[in-house]
Amino acid sequence: MSAMTADLFTAAEPVPAKPSDRAVTEDLMARLKRHYIKPGAPLPGGVFVPEVGQNGSWGRGRRCDAIYVGFTGTSGRLLVGHEVKASRADWLTELAQPGKADTWADECHEWWLVTVPGVVHDGELPDGWGLMVPGRSKTRMQVVTPARRKPADHRPSWDAVRSVIARQDTLRQDAIREGIAAGTAKVYEAQEARVQDLVEQRLRARGDVESISAELDRIRRALGVTRVLPSEERAFRDSECTEADLADVAALLRHHGTLAEAAWGLVSRYGEHPFMQLRRAVDAVDRARQAVINSIREGSAHGS
């Protein structure tokens with residue numbers, strides 16, 4: 001087999017799919033937030049505000065990808081801005097528009113470019129910009145080039161501060177709405193589960209009712225009755241009986257074991273029944289007739 005033929009039958013190794021710019025941007029933003037705000041920290045010493053637009057008519061509508069506002073001495077009490085670029089093409093677009101980031105970069109104490117390794121080539125980083133890329137740690141970014149910090153007397157304008165506050169307020173409102181929506185969804189889910197449980201209970205109860213109804217029909221047919229009346233009522237028809245009647249029958253069966261024994265028990269309780277008297281009379285007649293027949297037979301035998 002030739003090398004060319006072998007290549008045709010050799011399975012090509014799958015090429016990993018390249019993540020989209022959006023996916024890379026989301027990952028960079030998440031890492032950048034963890035760089036400043038330690039997850040679970042009760043007092044992080046600052047706030048991380050993504051996608052800050054300009055509140056009002058200043059700055060020609062420019063937007064900052066992310067701003068960190070430090071509150072404490074440890075955090076430096078700084079306004080730190082960031083430009084996030086997911087790819088080389090995205091970065092080249094930025095370079096083709098000199099001064100595009102200046103509106104926000106001039107307001108911040110520090111200005112950083114946040115991207116992935118290999119996007120920025122030597123000599124392309126603007127003067128004063130810092131460069132961060134993802135490092136080995138998922139909670140800290142790797143600083144490639146430190147940003148130049150403005151003098152201590154630098155004061156961001158009210159326009160910039162107001163824009164950060166406005167964006168934070170929008171994010172707060174969004175979080176409240178999401179919390180309400182999540183809570184409402186949980187309530188609806190619990191209600192739906194409750195309704196489903198009630199429906200299943202009703203269906204099971206319906207099956208039990210149908211089974212009991214069929215069993216009662218069989219009992220009525222066996223007893224030869226069409227109606228079973230409450231104990232306090234009186235049955236006037238042969239097709240009717242009362243609950244007390246059924247209870248008596250059940251008690252007799254439990255006590256005597258069979259209907260015949262139960263009938264005899266009832267008869268013996270109330271004295272001799274006319275039927276029993278008639279039965280004994282018939283038996284006496286039968287015995288007398290048999291005695292006459294026997295006497296005739298004996299006489300015939302002696303005469304012969």
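Above this text you will find the structure in question.
Here goes a summary of the coordinates provided.

1. Some words on the pairing of strand 2 (residues 64-70)
Moving on, step 1. Burial runs high along strand 2: 7 of the 7 residues are buried.
Moving on, step 2. Across 6 bridges, strand 1 (residues 46-52) lies against strand 2 in antiparallel orientation. Bridge pairing in strand 2 places G46 opposite G70.
Moving on, step 3. Pairing between strand 2 and strand 3 (residues 79-84): 4 bridges, direction antiparallel. Its bridge partner lying in strand 3, Y68 is registered against V80.

2. Describing the side chain of E110
Moving on, step 1. Within the secondary structure, E110 is located in strand 4 (residues 110-114).
Moving on, step 2. The class of E110 is buried, set by a relative accessible area of 9%.
Moving on, step 3. For E110, the side chain forms a polar contact with the side chain of W112, separated by 3.0 Å.
Moving on, step 4. Once residues within four sequence positions are removed from consideration, E110 is found in contact with L78, L79, V80, G81, A147, R148 and R149.

3. Details of helix 5 (residues 158-223)
Moving on, step 1. Taking 1.5 Å of rise per residue, the 66 residues of helix 5 would be expected to cover 98 Å, and the 96 Å separating its terminal C-alpha atoms lies within 8% of that figure.
Moving on, step 2. Among all positions of helix 5, only A160, S163, V164 and R167 are buried.
Moving on, step 3. Looking at the buried residues of helix 5, the elements they touch are strand 1, strand 2, strand 3 and helix 4 (102-105).
Moving on, step 4. Looking one or two residues past helix 5, G224 carries a phi angle of roughly 75 degrees, positive in sign.

4. Describing the sheet that holds strand 4
Moving on, step 1. The 6 strands lie next to each other as 1-2-3-4-5-6, forming an open sheet whose pairing is mixed. Taken across any chain shown, the strands that pair with only one partner, and hence form the sheet edges, are strand 1 and strand 6 (141-145). The average undirected angle you get between the axes of adjacent strands in this sheet is 30 degrees.
Moving on, step 2. Sheet topology note: the strand 3/strand 4 ladder contains 5 bridges and is parallel. The residue bridging G81 from the neighbouring strand is W111, located in strand 4.

5. With respect to unusual backbone geometry
Moving on, step 1. Located in the positive-phi region is E51, a residue other than glycine, with phi close to 50 degrees.
Moving on, step 2. Assignment of secondary structure puts E51 in strand 1.
Moving on, step 3. A relative accessible area of 40% means that E51 is categorised as partly exposed.
Moving on, step 4. We note that R77 has phi near 50 degrees; this positive angle belongs to a residue other than glycine.

6. A closer look at the environment of N55
Moving on, step 1. Position of N55 among the secondary structure elements: in the loop between strand 1 and strand 2.
Moving on, step 2. N55 has contacts with R162, S163 and A166, leaving out every residue within four places of it along the chain.
Moving on, step 3. A polar side-chain atom of N55 sits 2.6 Å from a polar atom in the side chain of R162.

7. A closer look at the nonpolar core
Moving on, step 1. By size, the foremost hydrophobic cluster in this structure holds 20 residues, and its most contacted members are I67, W104, W111 and V164.
Moving on, step 2. Within the residue set of this core, elements represented by two or more residues are strand 1, strand 2, helix 4, strand 4 and helix 5.
Moving on, step 3. With 3 residues, strand 2 is the single largest residue contributor to this core.
Moving on, step 4. Residues in contact with W111, not counting those within four places in the same chain, are C64, G81, H82, E83, A101, W104, A105, G128, W129, G130 and A147.
Moving on, step 5. Grouped together as the second largest cluster of nonpolar side chains are 18 residues, V24, L28, I37 and V80 included.

8. Examining the packing of aromatic side chains
Moving on, step 1. By the definition in use, this model includes 3 aromatic pairs.
Moving on, step 2. Note on Y36 and Y68: the rings are 4.4 Å apart at their centroids and 15 degrees apart in plane angle, and the pair reads as stacked. With Y36 in helix 2 (residues 21-36) and Y68 in strand 2, this pair connects stretches of sequence that are 32 residues apart. Considered together, Y36 and Y68 belong to a single accessibility category, that of buried residues.
Moving on, step 3. Here the aromatic rings of W111 and W129 are separated by 6.2 Å at their centres, their planes lie at 70 degrees, and the arrangement is edge-to-face. Taken as a pair, W111 in strand 4 and W129 in the loop between strand 4 and strand 5 (130-134) lie far apart in primary sequence, 18 residues in all. Assigned by exposure class, W111 and W129 land together as buried.
Moving on, step 4. Every member of this aromatic cluster is reached through a ring pair, and the members are W91, W111 and W129.

9. Notes on the state of the cysteines
Moving on, step 1. With the rule as written, the count across this model stands at 0 disulfides.
Moving on, step 2. The thiol of C64 is unpaired, and the distance to the nearest cysteine sulfur, on C108, comes to 5.5 Å.
Moving on, step 3. For C64, a relative accessible area of 0% gives the class buried.

Criteria and thresholds
- Residues numbered from 1 in each chain as written.
- Predicted model: local features only at pLDDT ≥ 70, side-chain atom pairs only at ≥ 80, totals over all residues.
- Heavy atoms only, no water.
- Buried < 20%, exposed > 50% of the residue type's maximum accessible area, 1.4 Å probe, protein only.
- Helix = DSSP H or I, 4+ residues; strand = E, 2+ residues; numbered from the N terminus.
- Pairing = 2+ DSSP bridges.
- Polar contact = N/O pair within 3.5 Å; in protein donor to acceptor, adjacent residues only side chain to side chain.
- Contact = heavy atoms within 4.5 Å.
- Expected span 1.5 Å × (residues − 1).
- Axes fitted to C-alpha atoms, helices over the stretch in contact; angles between N-to-C directions.
- Core = buried A, V, L, I, M, F, W, Y, C linked by side-chain atoms within 4.5 Å.
- Phe/Tyr/Trp six-rings, centres within 6.5 Å; stacked < 30°, edge-to-face > 60°.
- Disulfide = S-S within 2.5 Å.

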